[in-house]
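# Descriptive structure summary
So the chains spell out like this:
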2 protein chains.
Amino acid sequence: MQLGLSVSDSDVSSFTPLVVLELADDTKAEAITWLLNRIRDKQQNGGAELLVNQLLFPAQDDQKPNPNVFVVGSTLQRLLNGAEDVGLFKEFQDGTMRGFTYANRESFNDFNGDGEGFLSDAECQYIIKHELDTLRAKNEEHVPGYPKLKLYPGKSVVRRLQSKGVLNQYFPLHNKEDLKRLSFSWYKKFKLSFQPLDDIRHYFGEGLALYFGFLEYFTFALVPMALIGIPYYLFDWEDYDKYVLFAVFNLVWSTVFLEVWKRCSATLAYGWGTLSRKKAFEEPRAGFHGALGFNPVTGREEPVYPSSKRQLRIYLVSVPFVLLCLYLSFYVMMVYFDMEFWAINIYNEDPSIATSILLFVPSIIYAVVIEIMNLLYRFAAEFLTDWENHRLESSFQNHLVLKVLVFNFVNCFASLFYIAFVMQDMVLLRQSLATLLITSQILNQVMEAFLPYWLQRRRNKKVHKRMRRLMGDKELPLLGQVKLETEMNTYLGTFDDYLEQFLLFGYVSLFSCVYPLAAVLVVLNNITEVYSDAFKMCHVFKRPFSEPATNIGVWQLAFETMSIIAVVTNCALIGLSPQVKAYFPESDTQLILIVVAIEHVLLAFKFILAFVIPDVPKHIQVNLAKLEFDSLEAFKKRVSTHLYMCTYLSHANRKCGSLYDRPCQEVLQCK
Amino acid sequence: MQLGLSVSDSDVSSFTPLVVLELADDTKAEAITWLLNRIRDKQQNGGAELLVNQLLFPAQDDQKPNPNVFVVGSTLQRLLNGAEDVGLFKEFQDGTMRGFTYANRESFNDFNGDGEGFLSDAECQYIIKHELDTLRAKNEEHVPGYPKLKLYPGKSVVRRLQSKGVLNQYFPLHNKEDLKRLSFSWYKKFKLSFQPLDDIRHYFGEGLALYFGFLEYFTFALVPMALIGIPYYLFDWEDYDKYVLFAVFNLVWSTVFLEVWKRCSATLAYGWGTLSRKKAFEEPRAGFHGALGFNPVTGREEPVYPSSKRQLRIYLVSVPFVLLCLYLSFYVMMVYFDMEFWAINIYNEDPSIATSILLFVPSIIYAVVIEIMNLLYRFAAEFLTDWENHRLESSFQNHLVLKVLVFNFVNCFASLFYIAFVMQDMVLLRQSLATLLITSQILNQVMEAFLPYWLQRRRNKKVHKRMRRLMGDKELPLLGQVKLETEMNTYLGTFDDYLEQFLLFGYVSLFSCVYPLAAVLVVLNNITEVYSDAFKMCHVFKRPFSEPATNIGVWQLAFETMSIIAVVTNCALIGLSPQVKAYFPESDTQLILIVVAIEHVLLAFKFILAFVIPDVPKHIQVNLAKLEFDSLEAFKKRVSTHLYMCTYLSHANRKCGSLYDRPCQEVLQCK
């Protein structure tokens, strides 16, 4: 074993390991050989043409290490070709972002010599992931050694192995140097500056960088609201009448906020070259299964699952389940109100410090219960959506987001709506909002950052100790790092992070006029959130593969829906305020009609605003048009050159005419 | 002159004349020579490579004919290449619609022999128009003979000539045979069948065919409403209470109607091959002018107009003008109400048949005044939008549509809203609606069909008589036809036709619950509209160039906005109905709250519906995905073939290596 270790360690140093591939420890040897051959095989033969080496960990007294851990790397040339395959956009010499092509490599900025350092680590890892994912079955009927594990020609091998449990996981390795530099500029120095979004994107990819960009933007956007909120809170402590102005501010703010974000996001995405990038042909997700059939698009044989069956599962199981959960949530809410009344009664009977503290207990308990319910529901929703067997990841995500959002919205805000509009008790609304917000923030920070951090530290120490015991004090850079990162938790994507921001946005935009401190609390929360999220990305979780993202996707829609609800809610709150009611002493009818009319005008205004403000800033639009124009011109020139070539060849070079005719025709087809 | 005539007539017969080009009759000879040379010149030299011949009309005693009329045609080969240039989609052998390429011509259905009859007349004319429009200035500084008429390299010559008044017009010729066949199947036989949309598209292009498709769809969609309306009208003559059900029906109908149309339109456009067709790079409109500057996209020198100046014109002139017109419209409305009260007073003082007829007079006058105001405003709006100097036709159209829609909406419906919600007089609303609707329909039919028809007939007779006097009874097919069509009115696009349907849709969806016969009237109107529009397209107007269209464009948005307003209006009408009010005897407040709540739910439902229903039917989505997949696969194959070719050439064929290297690189860039 000692021998294996040293061999692999020296072997590995022949290339930079970028991605770790962990197969199940009982994988049959013939399957491993086959897979490694496919990965190493030349592209012409349908291989991925990557470099791969086994890592042999030393055996330990208490447990046998998994022998099937591999590191994958690549030659520079292969990576540059891969960059073209995945359609990477890089900065061209004229400052615009253009799709990288190997032929034009010299015309891209930062391309020096053989291109060393041109691609970032994250890009290299993304390319390797793409090449692994698109490693397709040829004419193998099944995985060698596994007669039951069928393969379909042209379908991804790696996804198949993953969904059948042969491939445990594959993940990119951290780059310790870069990580140290990034974490220093990101969260280790105390500063009043923006996050290093470009560096984050460099290290973690566009998807995550956009999340942090959004987090930062949202926090900054809240600052004016928080600044207005503080005097409101300080000077009008018990004066709930004055919130009309604040509600109007809320209303405008929530609309402008999202429109401006769209432009910011487009600017960021343009700078990162993902804005004009075309979406790749989407592969089925790893867990998708079904009877053998024909794909109507590609005409190839592959598992298919009738959409009618899926619809049945959605409407007969998922929808009733969600409704049941909503009912449960309402039931819990009613129990909370019972507790609330019980606490108020006790306080009224005997007003003391103890009983006044007791007043907050029901809200706190309710807040904790809400968080627990959200968590449980989250698992159930994921299970159900998985069971619905969506073919594409995007469809899976949409159904999951919809399920989770509906429940979380109701679960978190139903009690507030009930208090505001049915009970019309603004004092209770304020108290309840404050308790819910603060409790959920505290819980979130604990669950999200401290708990994983603590677990990770314990694990770190154990691994280090074990390694040291085996190796003495020798440095074990790669083996130790792989061992450690293999056992780290997997970051499950930005879903939960966006969800948290969505709920915070709800608290602020829906009801903060009755509790102006909400914005202040959210700002404080988000500042710590930036730090804890940054720390957790750098040290608690495995490095995630970078995800090219153009925008925040379905979350933009979610936030916009919330801001529409916010307009309605704020208008209703304005209508309910005693201050406004005082203007219409004799008739409620007139008041309601006016409020409704104003609400309609505001909603119309909101839609017009969303329609009129261009989603992409002017200068970026011009750049994109320029790019399109250039490629059109280049294409015209190319076709005419080629036409000339074809004529030339067929006239002057008759002997190989038949050979040349083909590509001429094919280039013409390219039009 | 006689000689010139006979020469040109025999010359012309050497090719099929497709498009007529009429220059101003005082155009300088050198400009004409230059233009004809440019049109005839080979494509390699930047010409259009089209056939063009002068038509010489016999002089007449009373007036000198314009000597500068030309007919343009083309060889078949040129047209097929042009079809590839404009990105025409034709039916492939597997039944899908694919972009036509000359190299693959044999794989397209209906391509026989040399391709005679493969392209329809309209397509040929569209190709010729495209080639004329993209005839670009080379290094000429100005038009020969016109030192002041500057030319900019790379910009369209024809548009420049047109905007400077040298080119009077250019239009496609009718094809008498096809026209006879089309008009027979379209409107000459009395039948209860659908319109021959494919034939219409074949002859007039997709834009117009989509309009007639929409007209037909809208009319059919109204039939159930008309059927429900008749018994309502017959049996509940004076019972305005029962309209709740009808309003609910209206509400659902107006939402479903537009969602289904989107799918129908996608199906039509897919069948015609325009759905997946990419938009061409848009040229500036003919009338656009400005100081010389650099186009930020192409980097070429051309007239530019700062958008800040345009914004100033829009906000400082156009917007105040529109507001003034709206004010005027309101003023006229108030005058109408005065007249109405005056008539009612007279009737009340002396109820007789004469005075009961007098009751309708104010409404009729008002309806006529509305139509006149709409017409005047239409001209003003066009003038103003032209003056705003929009660079692109699409931007011009959007601003024009917005201006016209806002005014027409207010002008036509303000009085109805006032009667319904301020006066709350349902009897007057019903009477006013009926008079407005009927009067405007009658006026429209007269203005749109009979008047132009009558003018055209007079003109036809004159031309025929004049020709016969000159030539005796000799047949003059081409000269006579060109003479006649040159003098026909130009069809100004589908704008006014859609606008009329938009207003009718408004009458039906907004208020028809109080006057259920409205749907019946609109159905009757639309049936005659189909016939009169068809007739006017075939015989009253010049043949228009075909316009490739994917959907009804901005009108979809306009109709959807109207249907949202319809939801609000119908909910309010329901809330006002005595029937509903009876359920809430003690408090109006509760009623209003419930109505508002229902309205919000309906609006939310409407948005969800629009979001959930896919705009493109499933089977078309699959076909489009298949197409994309195929082209991706073909591209991959092509690149690998070419890579192989390049290797082959550089190894085996060293002597021409330098030549072959270029296209290899360029094909790689194509990725």
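As the structure is a prediction and not an experimental result, all values here were calculated from the model.

## Points about the overall build of chain A
Looking only at helices and strands, chain A has 22 helices and ten strands in total. Expressed as a percentage of the 671 residues in chain A, the buried residues total 52%. Sequence-distant contacts, at least 24 apart, represent 74% of the contacts inside chain A between residues at least 6 apart. With the model as given, the accessible surface of chain A reaches about 31800 Å², and the carbon-plus-sulfur share is 63%.

## A word on the pattern of salt bridges
All names here are of chain A. Within the structure shown, the criterion is met by 38 salt bridges over all chains. The partner of R201 in a salt bridge is E123, with the nearest N and O atoms 3.6 Å apart. Remark: E123 occurs in helix 4 (residues 121–133) and R201 occurs in helix 7 (residues 197–204); sequence separation between them is 78 residues. A relative accessible area of 14% means that R201 is categorised as buried. A residue is classified by how much of its surface remains accessible, and E123, at 8% relative accessible area, is buried.

## Re the sheet that holds strand 8 (residues 167–172) of chain A
Residue and element names in this part refer to chain A. The sheet built from four strands is open, its strands ordered 2-3-1-8 with antiparallel pairing. In this open sheet, the two edge strands, each paired with only one partner strand, are strand 2 (51–55) and strand 8. Strand-to-strand, the axes of this sheet are offset by a mean angle of 20°, without reference to chain direction. Where strand 1 (residues 19–23) meets strand 8, five bridges bridge the pair, whose relative direction is antiparallel.

## Description of a positive patch on the surface
On the surface, R457(A), R458(A), K461(A), K462(A) and K465(A) cluster together into a patch of positive charge. Looking at where K461(A) falls in the secondary structure, it is placed in helix 14 (residues 426–471).

## Concerning the domain arrangement of chain A
Residues and elements named next belong to chain A. As far as domains go, chain A holds domain 1 (17–173) and domain 2 (183–278 + 391–616). Taking the mean C-alpha position of each, domain 1 and domain 2 sit 35 Å from one another. Counting from both sides, the interface comprises 34 residues of domain 1 and, opposite them, 29 residues of domain 2. Carbon and sulfur atoms make up 63% of the area that domain 1 and domain 2 hide from each other, which totals about 2700 Å². Taken together, the connections running from domain 1 to domain 2 amount to one salt bridge. The tally of links between domain 1 and domain 2 comes to four residue pairs in polar contact (both at pLDDT 80 or more). Broken down by secondary-structure element, the contributors of at least two residues to the side of domain 1 that touches domain 2 are strand 1, strand 3 (69–73), helix 4 and strand 8.

## Considering a nonpolar patch on the surface
Residues and elements named next belong to chain A. Taken together, F194, F220, V223, L227, I230, L234 and F235 make up a surface patch of nonpolar side chains, about 750 Å² in accessible area. Topologically, F235 is positioned in helix 8 (residues 206–235). Classification of F235 by relative accessible area gives exposed; the value is 68%.

## Observations concerning the packing of aromatic side chains
Residue and element names in this part refer to chain A. Across all of its chains, the model carries 81 aromatic pairs over all chains by this definition. An angle of 55° between the planes, with centres 5.7 Å apart, marks the rings of Y170 and F545 as tilted. Separated by 375 residues along the polypeptide, Y170 in strand 8 and F545 in the loop between helix 17 (517–540) and helix 18 (554–576) bring together distant segments of the chain. Residue class for F545 comes out buried when judged on its relative accessible area of 13%. For the ring pair F218 and F505, a centre distance of 6.0 Å and an interplane angle of 70° mean the geometry is edge-to-face. Within this pair, whereas F218 is found in helix 8, its partner F505 is found in helix 16 (residues 495–511), the two being separated by 287 residues in sequence. We classify F218 as buried; its relative accessible area is 0%. Note that K542 overlies the ring of F171, its terminal NZ or CZ placed 5.4 Å from the centroid.

## Brief notes about the pairing of strand 10 (residues 301–304) of chain B
When strand 9 (residues 291–294) of chain B meets strand 10 of chain B, the two strands line up antiparallel, connected through four bridges. Paired with A291(B) across the strands is V304(B), a residue of strand 10 of chain B.

## Notes on helix 13 (residues 393–423) of chain A
Residues that lie three or four places apart on an α-helix share one face, since the helix turns once every 3.6 residues. All names here are of chain A. In this model helix 13 runs 43 Å from its N-terminal to its C-terminal C-alpha over 31 residues, within 8% of the 45 Å that 1.5 Å per residue would give. Taken as a whole, helix 13 carries its principal kink of about 50° at F413. One or two steps after helix 13, the chain reaches Q424, where phi turns positive at roughly 50°.

## As for the UniProt feature "transmembrane region" (unreviewed entry) in chain A
As annotated by UniProt and renumbered to match this structure, "transmembrane region" (unreviewed entry) occupies residues 208–231, 243–261, 314–337, 357–379, 400–421, 502–524, 554–577 and 589–613 of chain A. This span, residues 314–337 of chain A, is 100% helix and 0% strand, and a straight line between its end C-alpha atoms measures 33 Å.

## A few points about the side chain of K129(A)
All names here are of chain A. Counting through the fold element by element, K129 comes out in helix 4. Taking relative accessible area as the criterion, K129 reaches 18% and is therefore assigned buried. If we skip the residues at most four places from it in the chain, K129 touches Y170 and F545.

## Some points on the sheet that holds strand 3 (residues 69–73) of chain B
Residue and element names in this part refer to chain B. Read across the open sheet, the four strands follow the order 2-3-1-8; overall the sheet is antiparallel. Of all the strands in the sheet, just strand 2 (51–55) and strand 8 (167–172) have a single pairing partner and so form its edges. In this sheet, adjacent strand axes meet at a mean angle of 20° when their direction is disregarded. Lying over the sheet, helix 2 (residues 29–40) contacts strand 1 (19–23), strand 2 and strand 3, oriented at roughly 150° with respect to strand 2. Contacting strand 1, strand 2, strand 3 and strand 8, helix 15 (residues 477–487) runs over the sheet at an angle of about 115° to strand 8.

## A few points about the state of the cysteines
This model, assessed by the stated rule, comprises zero disulfides over all chains. In this structure C325(B) is a free cysteine whose sulfur lies 14 Å from that of C412(B), the closest cysteine sulfur available.

## Digging into the environment of Q431(A)
Residue and element names in this part refer to chain A. Relative to the assigned elements, Q431 resides in helix 14. On the accessibility criterion, Q431 (16% relative accessible area) is buried. For the pair Q431 and Y305, spaced 126 residues apart in the sequence, the C-alpha separation amounts to 50 Å. Apart from residues lying up to four places away in sequence, Q431 is in contact with E340, L359, F360 and S363.

## Quick notes on the packing of helix 18 (residues 554–576) of chain B against helix 20 (residues 588–612) of chain B
Residue and element names in this part refer to chain B. Relative orientation of the contacting elements helix 18 and helix 20 amounts to 155°, with a least axis distance of 10 Å. With respect to their mutual orientation, helix 18 and helix 20 come out roughly antiparallel. Judged by the twist between their axes, the crossing of helix 18 over helix 20 is right-handed. Facing helix 18, whose interface residues are S563, I564, V567, V568, C571 and G575, helix 20 presents L591, V595, E599, L602, L603, K606 and F607. Here the residues of the contact of helix 18 with helix 20 sort into nine nonpolar, two polar and two charged.

## A short note on the packing of helix 13 (residues 393–423) of chain B against helix 16 (residues 495–511) of chain B
Residue and element names in this part refer to chain B. As a packed pair, helix 13 and helix 16 sit with axes 11 Å apart at the nearest point and diverge in direction by 30°. By the criterion of interaxial angle, the relationship of helix 13 to helix 16 is roughly parallel. Crossing handedness for the pair helix 13 and helix 16: right-handed. Seen from helix 13, the contacting residues are Q397, L400, V401, V404, L405, N408, F409, C412, F413, L416, F417 and A420; seen from helix 16, they are F495, L499, F502, L503, G506, Y507, L510 and F511. Split into classes, the residues belonging to the contact of helix 13 with helix 16 amount to 17 nonpolar, three polar and no charged.

The rules behind these values
Residues numbered from 1 in each chain as written. Chains lettered and ligands numbered in written order. Predicted model: local features only at pLDDT ≥ 70, side-chain atom pairs only at ≥ 80, totals over all residues. Heavy atoms only, no water. Helix = DSSP H or I, 4+ residues; strand = E, 2+ residues; numbered from the N terminus. Buried < 20%, exposed > 50% of the residue type's maximum accessible area, 1.4 Å probe, protein only. Contact = heavy atoms within 4.5 Å. Areas by Shrake-Rupley, 256 points an atom, 1.4 Å probe, with all protein chains shown as cover. Salt bridge = Lys/Arg side-chain N within 4 Å of Asp/Glu carboxyl O. Pairing = 2+ DSSP bridges. Axes fitted to C-alpha atoms, helices over the stretch in contact; angles between N-to-C directions. Patch = residues over 30% accessible without salt bridge, like charges linked within 9 Å, V, L, I, M, F, W, Y side chains within 5 Å. Lys, Arg positive; Asp, Glu negative; His and termini not counted. Charge placed at Lys NZ, Arg CZ, Asp CG, Glu CD. Domains from an automatic or database assignment. Buried area = accessible area lost by both parts, 1.4 Å probe. Polar contact = N/O pair within 3.5 Å; in protein donor to acceptor, adjacent residues only side chain to side chain. Phe/Tyr/Trp six-rings, centres within 6.5 Å; stacked < 30°, edge-to-face > 60°. Lys NZ or Arg CZ within 6 Å of the ring centre and 35° of its normal. Expected span 1.5 Å × (residues − 1). Bend = angle between axes of the 7 residues up to and from the residue. UniProt positions renumbered as here; feature names shortened; annotations may be inferred. Disulfide = S-S within 2.5 Å. Parallel < 35°, antiparallel > 145°, perpendicular 65-115°, else oblique. Left-handed = near helix turned anticlockwise from the far one by under 90°. Nonpolar A, V, L, I, M, F, W, Y, C, P; charged D, E, K, R; others polar.

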